[in-house]
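Given next are the chains, with one letter for each unit.
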There are 2 protein chains.
Amino acid sequence: MTIDLQQAAQLLCGWDDILILTHQKPDGDAYGSAFALLWALERLGKRARVETPDGYLPGFRFLFGNYSPKAFEPRFVVTSDVAGPELLGSLAERWAHRVDLCIDHHKINNLSAAYRLVVPQAAATCQLTYHIIRHLGVCFTPAIAAAIYTGIATDTGCFRYANTNPEVHRIAANMMEAGADYALINKLMFDTKTKGRLEIDRLVMETLEYYFDGRCAVISIPNAAVERAGVLEEELDGISAFPRTIEGVQAGVTLREKPDGNYRVSLRTNGDVDASAICGKLGGGGHKNAAGCTVPGPLEEAKKLVLAAVEPELL
Amino acid sequence: MTIDLQQAAQLLCGWDDILILTHQKPDGDAYGSAFALLWALERLGKRARVETPDGYLPGFRFLFGNYSPKAFEPRFVVTSDVAGPELLGSLAERWAHRVDLCIDHHKINNLSAAYRLVVPQAAATCQLTYHIIRHLGVCFTPAIAAAIYTGIATDTGCFRYANTNPEVHRIAANMMEAGADYALINKLMFDTKTKGRLEIDRLVMETLEYYFDGRCAVISIPNAAVERAGVLEEELDGISAFPRTIEGVQAGVTLREKPDGNYRVSLRTNGDVDASAICGKLGGGGHKNAAGCTVPGPLEEAKKLVLAAVEPELL
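Since this is a predicted model, take the numbers as computed values, not measurements.

Draft legend 1. Local environment of the overall build of chain A. A tally of regular secondary structure across chain A gives 12 helices and 11 strands. For a compact globule of 315 residues, the expected C-alpha radius of gyration is about 20 Å, and chain A comes in at 21 Å, within 12% of that figure. When the backbone C-alpha atoms are referred to their principal axes, chain A occupies close to 60 × 40 × 35 Å. The proportion of buried residues among the 315 residues of chain A is 54%. Sequence separation of 24 or more characterises 63% of the internal contacts of chain A that already satisfy a separation of 6 or more.

Draft legend 2. Representation of the interface of chain B and chain A in the model. Taken together, the contacts link 40 residues of chain B with 40 residues of chain A. Here chain B and chain A share an interface that buries about 3,500 Å² over both sides, 60% of which is from carbon and sulfur atoms. It is Arg160, His169 and Lys195 of chain B in chain B that bury the most area against chain A; as a group they hold 18% of the surface buried on that side. Across the chain B-chain A interface, the total number found is 4 salt bridges. Note that Arg170 of chain B is salt-bridged to Glu177 of chain A, the shortest N-O span being 2.9 Å. The interface formed by chain B and chain A contains 23 residue pairs in polar contact (both at pLDDT 80 or more). Ranked by residues supplied to the side of chain B that touches chain A, first place goes to helix 7 (residues 166-177) of chain B with 8 residues. In terms of residue class, the side of chain B that touches chain A is made up of 18 nonpolar, 10 polar and 12 charged.

Draft legend 3. The packing of aromatic side chains, seen in detail. Going through the model one piece at a time under the given rule, you end up with 29 aromatic pairs over all chains. Seen from their ring centres, Trp15 of chain A and Phe76 of chain A are 4.5 Å apart, and the 5° between their planes marks the pair as stacked. Of this pair, Trp15 of chain A sits in the loop between helix 1 (5-14) and strand 1 (18-21) while Phe76 of chain A sits in strand 3 (residues 76-80); the two residues are 61 residues apart in sequence, bridging distant segments of the chain. Pair check on accessibility: Trp15 of chain A and Phe76 of chain A agree, each one buried. Three or more aromatic residues joined by ring pairs form one cluster here, namely Tyr31, Phe35, Trp39, Tyr56, Phe60, Phe62, Phe64 and Tyr67 of chain A. Arg49 of chain B extends its terminal NZ or CZ atom over the ring of Phe72 of chain B, reaching a point 4.6 Å from the ring centre.

Draft legend 4. Here's a closer look at the domain arrangement of chain A. In terms of domain boundaries, chain A breaks down into domain 1 (5-190) and domain 2 (195-313). Using only C-alpha atoms to locate each centre, domain 1 of chain A and domain 2 of chain A end up separated by 32 Å.

Draft legend 5. A look at the relation of the copies chain B and chain A. Mapping chain B onto chain A calls for a screw motion: a turn of 180° about the axis and a shift of 0.0 Å along it, with 0.2 Å RMSD after fitting. In the structure described here, the two chain copies are related by an operation that fits a two-fold rotation axis. When you check the interface residues of chain B against chain A, 100% turn up at the interface there too, and the contact is symmetric in its surfaces.

Draft legend 6. Broad picture of the environment of Ala123 of chain A. All names here are of chain A. Structurally, Ala123 can be placed in the loop between strand 5 (115-118) and helix 5 (125-136). Taking the relative accessible area as the measure of exposure, Ala123 reaches 3% and is therefore buried. Put simply, Ala123 and Glu177 are 54 residues apart on the chain and 21 Å apart in space, counted from C-alpha to C-alpha. Not counting chain neighbours up to four residues away, the residues in contact with Ala123 comprise His105, Asp155, Thr156, Asn163, Asn165 and Val168.

Draft legend 7. Highlighting the sheet that holds strand 8 (residues 251-257) of chain A. Residues and elements named next belong to chain A. Strand order in the open sheet made by the 6 strands is 6-7-8-9-11-10, with mixed pairing throughout. Two strands bound the open sheet, and with one partner strand each, they are strand 6 (209-211) and strand 10 (285-286). Note: strand 6 against strand 7 (residues 216-221), 3 bridges, orientation antiparallel. When the sheet's bridge partners are listed, Tyr210 is paired in strand 7 with Ala217.

Draft legend 8. Summary view of the pattern of salt bridges. Residues and elements named next belong to chain A. Scanning the model with the defined rule gives 34 salt bridges over all chains in all. Two residues, Asp201 and Arg197, come together in a salt bridge whose shortest N-O distance is 2.8 Å. One end of the pair is Asp201 and the other is Arg197, both in helix 9 (residues 195-205) and 4 residues apart, which spans about a single turn. With relative accessibility at 15%, the residue Arg197 sits in the buried group. Here Lys303 makes a salt bridge to Glu209, at a shortest N to O gap of 2.9 Å. You can see Lys303 sitting in helix 12 (residues 299-310) and its partner Glu209 sitting in strand 6, a full 94 residues away along the chain. With relative accessibility at 6%, the residue Lys303 sits in the buried group. Here the residues in one salt-bridge network are Glu199, Arg202, Glu206 and Arg228, joined through shared partners.

Draft legend 9. Fine view of the pairing of strand 7 of chain A. Residue and element names in this part refer to chain A. Here strand 7 lies mainly inside the structure; 6 of its 6 residues are buried. Both faces of strand 7 are covered, namely the face carrying Cys216, Val218 and Ser220 and the face carrying Ala217, Ile219 and Ile221. With 6 bridges connecting them, strand 7 and strand 8 associate as parallel partners. Its bridge partner lying in strand 8, Ala217 is registered against Gly252.

Draft legend 10. Quick peek at the sheet that holds strand 9 (residues 263-269) of chain B. The 6 strands lie next to each other as 6-7-8-9-11-10 (chain B), forming an open sheet whose pairing is mixed. Each edge of the sheet is formed by a strand with only one pairing partner; in this case those strands are strand 6 (209-211) and strand 10 (285-286) of chain B.

Draft legend 11. Expanded view of the environment of Arg197 of chain A. All names here are of chain A. As for Arg197 and Glu235, which are separated by 38 residues in sequence, their C-alpha atoms are 6.2 Å apart. Ignoring sequence-local partners within four residues, the contact set of Arg197 consists of Val231, Glu235, Leu236, Asp237, Gly238 and Ile239. There is a polar contact of 2.8 Å between the side chain of Arg197 and the side chain of Asp201.

Draft legend 12. Up close: the side chain of Glu51 of chain B. Residue and element names in this part refer to chain B. Inspection of the secondary structure assignment puts Glu51 in strand 2 (residues 48-51). Of note is the side chain of Glu51, whose polar atom sits 2.7 Å from the side chain of Arg49. Setting aside its immediate chain neighbours within four residues, Glu51 contacts Leu19, Ile20, Leu21, Thr22, Tyr56 and Leu91.

Draft legend 13. Main features of helix 8 (residues 182-190) of chain B. Residues and elements named next belong to chain B. Buried residues of helix 8: Tyr182, Ile185 and Asn186, and no others. The buried residues of helix 8 occupy an angular sector of 95° when projected down its axis, which confines them to one face. Turning to helix 8, the residues buried within the fold contact helix 3 (61-64), helix 6 (142-155) and helix 7.

About the thresholds
Every chain is numbered on its own, with residues counted from 1 as its sequence reads. Chain A is the first chain written and ligand 1 is the first ligand written, with later ones labelled in order. This being a predicted model, a pLDDT of at least 70 is required before a residue's local features are given, and a value of 80 or more before pairs of side-chain atoms are given or counted; all residues contribute to the totals for chains, interfaces and linings. The side-chain values count all of the structure's non-hydrogen atoms but skip hydrogen atoms and water molecules. Secondary structure follows DSSP: runs of H or I at least 4 residues long count as helices, runs of E at least 2 residues long count as strands, and numbering of each begins at the N terminus. Within these notes, the globule rule equals 2.2 Å times the number of residues to the 0.38 power, and the radius of gyration is based on C-alpha atoms. Categorising residues by exposure relies on relative accessible area from a 1.4 Å probe, with only protein chains included: less than 20% of the type maximum marks a residue as buried, more than 50% marks it as exposed, and the intermediate range marks it as partly exposed. Contact criterion: two residues are considered in contact whenever any of their non-hydrogen atoms come within 4.5 Å of each other. A quick way to say it: buried area is the sum, across both parts, of accessible area lost when two parts are put together, with a 1.4 Å probe. Within this document, salt bridges are pairs made up of a side-chain nitrogen of Lys or Arg and a carboxyl oxygen of Asp or Glu, the two lying within 4 Å of each other. Contacts described as polar in this section are N or O atom pairs within 3.5 Å, which, within protein, must combine one atom able to donate a hydrogen with one able to accept it, while residues neighboring in sequence count only if both atoms come from side chains. We call Asp, Glu, Lys and Arg charged. Ala, Val, Leu, Ile, Met, Phe, Trp, Tyr, Cys and Pro are nonpolar, and the rest, Gly among them, are polar. Any two of the Phe, Tyr and Trp rings considered here, Trp counted by its six-membered ring, make a pair once their centres fall within 6.5 Å; the pair's planes then place it as stacked at under 30 degrees, edge-to-face at over 60, or tilted in between. Whether a charge sits over a ring depends on NZ of Lys or CZ of Arg being within 6 Å of the ring centre and within 35 degrees of the ring normal. Each domain's limits were defined by an automated method or a database of domain assignments. Least-squares superposition aligns the copies on the C-alpha atoms of those residues with pLDDT at or above 70 in both. If DSSP finds at least two bridges between two strands, the strands pair. Our arc is simply the arc of the directions from the helix axis toward the C-beta atoms.

Laid out in structure tokens, this is it:
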């Protein structure tokens, strides 16, 4: 059953012993929306806890501190920012079939739940959580404000991406006034790089090549470079956004070597160049400006295949 | 005479034939505040024009289009975002002594003017321009909204820096609703790098060294690298922010080779490490977390001097 923000708040008001789940590899919006909801429910005197398939990642300790979840047998299960059952990872088997309330902003959401609040127009799940908390009548403590701010800022690339909307700016203003330490959060989320990530950036920049009069830029991420830099897979997040940021580039290609010698292609395009059409030719798919596919190696062969698919689509 | 926002609007209401000046090497806040004011005055039926010591840089054409300034003999002179007479460059001799109204947000402003509206708490001059336009009773056209948004977004690093305040978020929301093409502006201002800048980034990253258990990071910008990358001096903007963003780094040092063989030092620090104290020891100065000085070359000698000044201040 599809419900609105006020109805979600009404349901939560009547519930207790609430388990809040978020998705694997939790990001700022996953932790932010889950913990903001947890603390709001606790202020109403309810028992609740947050669980994720990957626990509580140290990179977000500024948000949840030394959180230790309360032990109790859940009577209600809420998912926050979870677009599908498979994203519950190791928690899916136990909980995916008994979700009471699903709160999410992803365009495609195939999680079954008794009640669904899925609003793709929201820039972040935290934009929904903000309104639920207002409907709950709970005041925004500095910790809740920091959690909401984190989710909104991270899912909009610090208000840079096209999904940013006027309301998220107004929510950010309110959360800053409620005590969110936005300068610290911005520094940690947007202005800090690990030494390993820096090293992989350097190695990857050395592979940069231009094609078709600079309209296409290609980088590759060899396994050897990842090993040399000693980075985890999650530290590679965002590298594929880089070739598209170069002036004049319409299609930015990232070729990531896979263990089986094939290459995972991430394609980012600007404006009217259709990434999904290009990757479609190679058996992949995605969105208009961001798509992916997998092509056979070695590197030079993979590159040839991708470039042949890209060229006719350039403007 | 120091005046407030409403008084500035009242003055402007009574004036005509207004010359609006902004500073050399104009940035988003300089152009944004100057053109927003121009268009607001024109909507009141006034004759006005914008001049800068460096004209109308092509990188900001999205903001002012094919602007061509009207010819008239100015009766009133307004400066926007100009912190001192020397920043008027080639226009200083003609106009610096006859400024009627100075609108600015810099902490230190030593421009003489009949009326001064200098508000260091404002994150951008555009934050002031926004209020002046409201007091003028002019509605925000998409072009004015884009100009205000550009100034606010660029001076806060797209809402990332510590100078961001709740009000700039609310102004951004209003300007988005008034038609500012924020996705385009963000893409041009924050997600586009020239090929030359990319090349200099790559060359500079190769010079990265860590000292004192990774608490200090040093990069250098040799003249040869700048020449090889073929970049203009203004394309080097922001490079010195980079070493400080590395995890664990307390002091980030950038050494820029000068034509005379000396080195210009830019020091950025985190938290309690006092950049101004460190640069003070070397005859320079600045703010607590951003300071500068000049030291004699060659590079290795310059590095030694700076590192000796940095080490005792680390935590």
